[in-house]
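# Analysis of the macromolecular model
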Amino acid sequence: MAMYVWFLIPLGLATWSGNSPVHVAVIWMLIGFGGNAVFYAMLSLGYNKRFTDHSLTIPQMWLAIIVTFYAQIYAGPLRGGYLLALILMFIFGCFKLRTKQMLWVSLSSSFIYAATIPLAAIVEGPAFNWVQSLILWFIYTTIMPMVSVVAGVVSRMRHDLAANRSQLQAALEEVTHLASHDELTGLSNRRWMMETLERERALAQRRDSGFCLCIVDLDHFKQVNDVHGHAAGDAVLQAFARISLKKLRGTDIMARHGGEEFLLFIPSDTVAAAEHCVQRIRETLAHTVFDGLPEDFRITMSGGLTHHQPGEPIASTLERADAALYQAKASGRNRIETA
Ligand SMILES: Nc1nc2c(ncn2[C@@H]2O[C@H](COP(=O)(O)OP(=O)(O)OP(=O)(O)O)[C@@H](O)[C@H]2O)c(=O)[nH]1
């Protein structure tokens, strides 16, 4: 668009000084501004999505080529200056097009340029300088492919840069995810959970609300590895995470505390309500048949559940939950003990 506005100055001067007929400036404005308005409307209304070239760069370049060559037919000795408008348009093209597309546009435009030379000769009559015009055409036909190649290189560099940036973004997201999640189960990891618990502790204190913590441990898990192999053990851990997440509410948080131990945060004011939730997981697990393991294979869990006392450090809550877990194991496993 800026090109059309800027070239109105030389075009206006050429018209004012009698070097270019008025209709050229009128057509320049009508086609230039009207065409751009159409492209703007298409982009705003999303019609551009129907084309493979979403940016509509090629049609926009063609609009500039046609209107510039039209002005050039009547430009007389000023003819060469108008070609500079097309250099601007080719630089614009390099933001979106590949070298091949740029070359195609430059070569096909040089054919159209050739076709305008006899038309300019008709307009100018006997004063027309064929040699000068053919030299200008030769310059255009040889320089524009070079501009296209350079523009194509710039375009490729831009594409590579954008691809690198999105790869870097994806890697950053992955690193951020890995820093806060357990790779095997996809649950939050211990570090993230401890930070979250500190935040929840501060929030609970401010809101005068409570929450419960439960340490969950799979029973005799070592035997799973020993009898069925480490891969089967991994599959059991993953399945347990899935089962638990299905049974939890959106506000509950389950994290892998380490090994076959998990930490469960339940924002409940009463141990009874939290216990109900943990018991649901325990019962479901006890009846779960695992893919790839014998039909009669079952695994159970034990849990130590406690309520966070206002003001106490998280470590103290965890110590109590751990003691309750120890009690659950000592009492025969597959149970939840509260403290
Ligand atoms: N497959 C697998 N095993 C793990 C992983 N992390 C820890 N373990 C195993 O978990 C087992 C834990 O065993 P123990 O601490 O003896 O506990 P347990 O056999 O569950 O016995 P109780 O807790 O007393 O019921 C060990 O054999 C660890 O190797 C893991 O990521 N994958």
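Everything here concerns the structure above.
Scope of this entry: the structure provided in the associated data block. Since we're looking at a predicted model, the values are computed, not measured. (Residues numbered from 1 in each chain as written. Predicted model: local features only at pLDDT ≥ 70, side-chain atom pairs only at ≥ 80, totals over all residues. Heavy atoms only, no water.)

## Points about unusual backbone geometry
Most peptide bonds are trans, and most residues other than glycine sit at a negative phi. If you check the backbone angles, His220 has positive phi at about 45° while not being a glycine. Residue position: His220 is located in the loop between β1 (212-218) and α9 (221-228). Residue His220 is classed as partly exposed on the basis of its relative accessible area of 43%. Phi angles above zero are rare outside glycine, and Asn334 is one such case at about 50°. When you line up the elements, Asn334 lands in the loop between α12 (314-330) and β5 (336-338). Judged by relative accessible area, which is 28%, Asn334 ranks as partly exposed. (Helix = DSSP H or I, 4+ residues; strand = E, 2+ residues; numbered from the N terminus. Buried < 20%, exposed > 50% of the residue type's maximum accessible area, 1.4 Å probe, protein only.)

## A word on the site of the ligand
Residues in close proximity to the ligand total 17 residues, the closest being His220, Phe221, Lys222, Asp234 and Arg256. The separation between an oxygen atom of the ligand and a polar side-chain atom of Asp217 is 3.0 Å. Protein contact buries 67% of the 670 Å² of open area that the ligand shows by itself. Of all the elements in the fold, those that place two or more residues in the shell around the ligand are β1, α9 and α10 (230-247). Among the elements that line the shell around the ligand, the one with the most residues is α10, at 4 residues. Residue composition of the shell around the ligand, grouped by class: 4 nonpolar, 5 polar and 8 charged. (Near = heavy atom within 4 Å. Polar contact = N/O pair within 3.5 Å; in protein donor to acceptor, adjacent residues only side chain to side chain. Areas by Shrake-Rupley, 256 points an atom, 1.4 Å probe, with all protein chains shown as cover. Nonpolar A, V, L, I, M, F, W, Y, C, P; charged D, E, K, R; others polar.)

## Points about the environment of Gly32
Relative to the helices and strands, Gly32 is located in helix α3 (residues 22-45). Put simply, Gly32 and Ala64 are 32 residues apart on the chain and 7.3 Å apart in space, counted from C-alpha to C-alpha. What Gly32 contacts, discounting residues up to four positions off in sequence, is Tyr4, Ile27 and Leu63. (Contact = heavy atoms within 4.5 Å.)

## Things to note about the side chain of Ser148
Along the chain, the position of Ser148 falls in helix α7 (residues 130-180). Judged by its relative accessible area of 0%, Ser148 falls in the buried class. In this structure, Ser148 is in contact with Phe90, Thr99, Met102, Leu103 and Ser106, ignoring residues within four places of it in sequence.

No statement about biological role is implied by the geometric values presented.
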